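Okay, here's what each chain looks like letter by letter:
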Amino acid sequence: MASKNKRLLWLQSGGCGGCTLSLLNTEAPSLFTALADIGIELIWHPSFAEQSLDEAMHLLQRLADGSEPLDMLCLEGSVMTGAAGRFHLLPDGQSMSTLIEQLARRASQVIAVGTCAAYGGISAAGDNLTGAVGLDYAGNHPGGLLGGHFHTASGLPVVNISGCPTHPGWVLETLALLASDSLSAADLDPLGRPRFYADKLVHHGCDKNEFYEFKASATAPGQMGCLMEHVGCKGTQAHADCNSRSWNGEGSCLTGGYPCINCTAPDFADPGHGFFSTPQVAGFPVGLPTDMPKAWFVALSTLSKSATPTRVRQNAVLDRLTVPPSLPKKGKA
């Protein structure tokens, strides 16, 4: 009896492999148990495969020419299109970009895992001499390897699970929805990201929110205060659920004292300033919270700073909570 599982091929190109490392942090159940439970057969992954090189090359060729069916293609890392694709060649001399395009046009569902595969990411930063692009985007713009506005035979565009790295939950939840044919184009935001995590902001659930409310700011990474005003945090603009879906069961970059660098955005790798600094005009951050008019932010920020409790102001520049909240005075609720 033929398997009803969907057959998933995972490729890596111009990137660091960090999304695979992150995926291996899947817990309860483990990654491979989870894939089996959601009905996915991982037919090849460059880091997990047991096949020899010759066996792998034959498999890739059969998938590319249609001799074997391919349900799901995941790409991790950007596509290297510079020098006619010669920055990433396969053992037979074929460019990886050519193989990726052939497979994408065969697969029923195409998934870009990580900001590099989705938009170019870190690999496309700076002068981008390697011609790094995403599958269907080049930075903020439709294009990339597949030309923009690509759709598979099933009618779905490329699903962009952006992030640097991706949360294992984002990847597995997306794969589970695809495996059950429960993800439609309407479930993706305008940049092709699954809405179940991209319709939230990193700011939601941030454990520094009391400091944000009173504009009690840290002046260096690792301090307890809000990291937006001086340390480059973009959590109020970043589309992700990092503070409501903990990483490794513990927290997020912000919990660890590091600013959010908005790594799910196409252009995060070229911010135009240091990741740990906040550009300002007249003492106010240039990058304002999403959907907030500048005049309102300036007014609220000024008012909040005038009302900051001493406890909050003192703790903001320390590396741990040192001044506790006071207890109610006797006779008062």
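The rules we used
Residues numbered from 1 in each chain as written. Predicted model: local features only at pLDDT ≥ 70, side-chain atom pairs only at ≥ 80, totals over all residues. Heavy atoms only, no water. 1 Å grid on protein atoms, 1.4 Å probe; cavity = no way out; pocket = protein on both sides within 12 Å on 5 of 7 lines; lining within 4 Å. Points joined across faces, edges and corners; volume = space filled by probe spheres on them. Helix = DSSP H or I, 4+ residues; strand = E, 2+ residues; numbered from the N terminus. Axes fitted to C-alpha atoms, helices over the stretch in contact; angles between N-to-C directions. Parallel < 35°, antiparallel > 145°, perpendicular 65-115°, else oblique. Left-handed = near helix turned anticlockwise from the far one by under 90°. Contact = heavy atoms within 4.5 Å. Nonpolar A, V, L, I, M, F, W, Y, C, P; charged D, E, K, R; others polar. Salt bridge = Lys/Arg side-chain N within 4 Å of Asp/Glu carboxyl O. Buried < 20%, exposed > 50% of the residue type's maximum accessible area, 1.4 Å probe, protein only.

*Asks:* Just checking my understanding: could you explain empty space enclosed by the protein for this structure?
*Replies:* By rolling a water-sized probe across the atoms, one finds the places where empty space is left. For the structure shown, the criterion picks out two cavities of 30 Å³ or more. Of the pockets and cavities examined, the largest cavity occupies roughly 120 Å³. Lining the largest cavity are 13 residues, with His-203, Cys-206, Cys-226, Cys-233 and Thr-236 positioned closest to its centre. Volume-wise, the second largest cavity comes out at about 30 Å³. Along its surface, the second largest cavity is lined by Leu-8, Trp-10, Leu-23, Leu-31, Leu-35, Leu-42 and Phe-48. Residue assignment for the lining of the second largest cavity shows that the elements contributing at least two residues are strand 1 (6–12) and helix 2 (31–37).

*Asks:* Would you mind going over the packing of helix 3 (residues 53–65) against helix 5 (residues 96–106) with me for this structure?
*Replies:* Where helix 3 meets helix 5, the closest approach of the two axes is 8 Å, and the angle between their N-to-C directions is 50 degrees. On the basis of their axis angle, the class for helix 3 and helix 5 is oblique. Seen along the crossing, helix 3 lies across helix 5 with a hand that is left-handed. Taken together, the residues of helix 5 that come into contact with helix 3 (itself represented by Leu-60, Leu-63, Ala-64 and Asp-65) are Leu-99, Gln-102, Leu-103 and Arg-106. When its residues are assigned to classes, the contact of helix 3 with helix 5 shows five nonpolar, one polar and two charged.

*Asks:* Whenever I open this one, the pattern of salt bridges confuses me. Can you help?
*Replies:* Side chains that carry opposite charge are capable of pairing whenever their charged atoms lie near each other. Under the counting rule described, the total for this entry stands at 11 salt bridges. For Glu-68, the salt bridge is made with Arg-7, and the minimal N-O distance between the two is 3.0 Å. With Glu-68 in the loop between helix 3 and strand 3 (72–76) and Arg-7 in strand 1, the pair connects residues that are 61 residues apart, well separated along the chain. On the accessibility criterion, Glu-68 (19% relative accessible area) is buried. With its nearest N and O atoms 3.1 Å apart, the salt bridge here joins Glu-101 to Arg-105. Residue Glu-101 and its partner Arg-105 are both found in helix 5; the two are separated by four residues, about one turn of the helix. Here Arg-105 falls in the partly exposed class, since its relative accessible area comes to 47%.

*Asks:* Teacher, can you tell me more about the layout of surface pockets here?
*Replies:* The computed volume of the largest pocket comes to approximately 290 Å³. Looking at the lining of the largest pocket, its residues break down into 14 nonpolar, three polar and no charged. When its volume is computed, the second largest pocket comes out at roughly 200 Å³. Tyr-137, Pro-157, Val-158, Pro-190 and Gly-192 are, among the 16 residues lining the second largest pocket, the residues nearest its centre. Per-class residue counts for the lining of the second largest pocket are nine nonpolar, five polar and two charged.

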